[in-house]
Amino acid sequence: MSTFLTTPRPKKDPLRPYPENLAAQTMKHNVPAGEEVVIPIKLVSGFVDIDVQVAEAAHATVILQVKNRVDFSRVQLHGILKKDAKFHLVGDISGGQRIEVKAWIELRESGSEAKVSGMFTGAGAEHQGMHVLMEHMAPSTRGDIFLRGVYKEESRGVFTGLIRVAKDAQQTNSYFKDDVLLFDDALAESLPTLEILANDVKASHGSTTGRVDDEQLFYLMSRGLSKGQASDMLVSGFFEKVRERLPKSSV
Amino acid sequence: MDRSAGFRACAKQKIPMPAATKQPVINDIASQQFGADPIAYSFMSKPGLSERVVKEISHYKNEPEWMRAQRLRALKIFDSKPMPTWGADLSDIDFQSIYYYLRPTDKVAKTWDDVPDSIRKTYDRLGIPQAERKYLAGVMAQYESEAVYHSLKSQLEKLGVIFLDMDTALKKHPDIVKKYFGTVIPAGDNKLAALNSAVWSGGSFVYVPSGVRVEIPLQAYFRINAERAGQFERTLIVAEEGSYVHYVEGCTAPIYTANSLHAAVVEIIVKKGARVRYTTVQNWSKNVYNLVTKRTYVYEEGTMEWVDGNFGSKVTMKYPSVYLLGKGAKGDVLSLAFAGAGQHQDAGGKAIHGAPYTSSKIVSKSVSKESGRTSYRGMVFIPHGMKGCKSTVICDALLLDEHSRSDTYPTMDIRESDTQITHEATVGKIGENQLFYLMSRGLSQAEAMSMVVSGFIEPIAKEIPLEYAVEMNRLIEMEMEGSVG
């Protein structure tokens, strides 16, 4: 992969640097026209570059999952969508000294649709990042990014997004949303950006950062739950909104 | 309102290229256009920036040694810092072709009668109504680099409110100025703040004593009037405990042939329980680089409100900031930008929560048309330990045609879990159904579009004093002319 385009970053990277000499590997997936495939990828240590080409009217789902704890990991996913292609990137990330997922999705032809759904949990001193560049290069394309993270103790999360709508990409709809729940001494940084060069578009982003709602916590505790149980229940409900978006087979 | 005629004249008139300028008399371009006398400048620095120019400025102003030293220090910082490249394109600015100091008259006029004829004529043409000049408290008109006209209502004087141009303030109240000058925005903050600190001239100084409420907005007019004249005003507002003041800044400027630079610095200190509102309606001519640093320190229970409207200039980079430094401090930034052909409005706001239980709200509305580009650039920072902070950021952008562009670059750096931070941004065009509805009621397409735009900016327009809001609406109507077709 030559240059991998990505999103603007915070001036100072709050995440710990990668050590040198991490193993690197590349994967290529070509999804033929009209087919529907699910590509499960277990996140491994090291650098992973993934190329996904989704041909006309094909439908690809990439499911990135952390099953075993990894130390340092970085995934660079480059998705290219042709006419009426559909693509869904699902991230289920937890743990890590530093786990970072960069997605660069090019909606090259009209009618293509891309979705990104992410669930992130960090605890201890874990660092995670998610960076999504959604490039609308053709008319009538749709983008929909939804990320939710929960960070406890001294963990950190960085969420950046860039929705870029090219001049010719009229009738485009695109959304970016990230919500973060913070506990203890955790920190989060959000940088959702938009660059819109067409005018007949609907583009928006939203971002919230905060802690679990006191009133909800109080309600659950008044029903006999301990503070820990109540908070776990609220976190589970928080992720439910992302789970609702996932394909049935992956749940 | 007559004054908007001035805005209109400035923004719309095509003014011919002036003949080659001779020192020390510059042919005033606006005067040529309207047939008035050229203005004699009593002192004009050579174009370009050097230690000598800075020393000359300080010498002609007869400044105390500490200010001279501070200017020279700032010049060194300016030379050592690179141009910011993260925002708008600034590569066309040639610092060596700019005049850093122009002084149209030798002393600050005490009454309106003392203001020289040629300058008065120019203000007449700007259309500032006579009644307003007399009745509005403390109308201070800045012509070129120094205040030439400054009147202060006697009742304000009785309250102990100081409202002077910055140069006079430095002479009359050196202690207060020295205590606060450069404390909110030091010269090292950024390259353009360093430039301002080195060559600043004019601007306003406002001091409101403890417990005093200034009920009438304080207003100042700013205007660039000579080709290649940079204007580097420096404003400092100090609101003591429990006081209130509303400062209004409006800018007009005629069209020039060379790129002009406006690099102002505005420092505001809001002490315990005080409230300050700062309103700007910026309509520089469309070849001016408007690069302004504005920042407020807000202490316990204090409130700062920035209301910032940007219509003119070629490039504007301006991010009014609130540093919330005491429990219960509150900061609002309302930002409005309109970018027409060839303009880039890079505006936004910053909220730094330096104390627990502080709150901030940034609302940005932008409209772009033709090749105009608007960018929202903002920052919310909550350091660790700042419990109970709240921040809301809302940015809405309207794109009027297929050549316009809008960007949103917000950053939220949250290092404390006990906070509530929300951010929303939307970008879109005028809804077909809205246009259809209005047109079915008998409005033309142009009228309907103009009405939708006015409605879009309403939440900010209603925060602007009435006479400015009227002007602003006319400006928008004017900008919207010819946008259908």
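These figures come from a predicted structure and were not determined experimentally. (Residues numbered from 1 in each chain as written. Chains lettered and ligands numbered in written order. Predicted model: local features only at pLDDT ≥ 70, side-chain atom pairs only at ≥ 80, totals over all residues.)

Draft legend 1. Broad picture of the overall build of chain B. Secondary structure assignment for chain B yields 13 helices and 25 strands. Out of the 485 residues belonging to chain B, those deemed buried represent 54%. Within chain B, residue pairs in contact and separated by at least 24 positions form 82% of the contacts whose partners lie at least 6 positions apart. (Helix = DSSP H or I, 4+ residues; strand = E, 2+ residues; numbered from the N terminus. Buried ≥ 20, exposed ≤ 12 C-beta atoms within 10 Å, placed from the backbone. Contact = placed C-beta atoms within 7 Å.)

Draft legend 2. Up close: the environment of P32 of chain A. All names here are of chain A. Tracing the sequence through the fold places P32 in the loop between β1 (24–31) and β2 (36–42). Owing to 11 C-beta atoms within 10 Å, P32 belongs among the exposed residues under this scheme. Here the alpha-carbon distance between P32 and A57, two residues 25 residues apart in the chain, equals 8.9 Å.

Draft legend 3. A look at the pairing of strand β12 (residues 172–182) of chain A. All names here are of chain A. The buried fraction of β12 is high, at eight of 11 residues. As judged from the 10 bridges shared by strand β10 (residues 142–151) and β12, these two strands associate in the parallel manner. Counterpart to L147 in the pairing with β12 is D178. Across 10 bridges, the pairing between β12 and strand β14 (residues 201–210) is parallel. When the bridges of β14 are listed, Y175 appears paired with S204. (Pairing = 2+ DSSP bridges.)

Draft legend 4. Layout of unusual backbone geometry. Residues and elements named next belong to chain A. Positive phi outside glycine occurs at N21, with the angle close to 60°. Within the secondary structure, N21 is located in the segment before β1. Here the phi dihedral of A57 falls at roughly 60°; this positive angle occurs in a residue that is not glycine. Structurally, A57 can be placed in the loop between β3 (46–54) and β4 (59–65). For A57, a count of 16 C-beta atoms within 10 Å puts it in the partly exposed group.

Draft legend 5. Summary view of the interface of chain B and chain A. Taken together, the contact between chain B and chain A spans 30 residues of the former and 32 residues of the latter. Contributing elements (two or more residues each) for the side of chain B that touches chain A: β24 (405–414) and β25 (419–428) of chain B. Residues that form the side of chain B that touches chain A fall into these classes: nine nonpolar, 12 polar and nine charged. In this sheet, β25 of chain B lies alongside β14 of chain A in antiparallel orientation, the contact comprising eight bridges. From the neighbouring strand, G210 of chain A faces β25 of chain B, where its bridge partner is Q420 of chain B. (Nonpolar A, V, L, I, M, F, W, Y, C, P; charged D, E, K, R; others polar.)

Draft legend 6. Seen up close, the packing of helix α3 (residues 51–60) of chain B against helix α4 (residues 65–80) of chain B. All names here are of chain B. One can describe the packing of α3 onto α4 by two numbers: an axis separation of 10 Å at closest approach and a directional angle of 155°. Classified by the interaxial angle, the pair formed by α3 and α4 is roughly antiparallel. For the pair α3 and α4, the crossing hand works out as right-handed. For the pair formed by α3 and α4, the contact residues are E51, V54 and S58 on the first element and M67, R68, R71, L72 and L75 on the second. For the contact of α3 with α4, the per-class residue count stands at four nonpolar, one polar and three charged. (Axes fitted to C-alpha atoms, helices over the stretch in contact; angles between N-to-C directions. Parallel < 35°, antiparallel > 145°, perpendicular 65-115°, else oblique. Left-handed = near helix turned anticlockwise from the far one by under 90°.)

Draft legend 7. Highlighting the packing of α4 of chain B against helix α10 (residues 191–199) of chain B. Residue and element names in this part refer to chain B. One can describe the packing of α4 onto α10 by two numbers: an axis separation of 7 Å at closest approach and a directional angle of 150°. Between α4 and α10, the interaxial angle falls into the category roughly antiparallel. In this structure, the crossing between α4 and α10 has a hand that is left-handed. Here α4 contributes Q70, R71, A74, L75, I77 and F78 to the contact with α10, which in turn contributes K191, A194, L195, S197 and A198.

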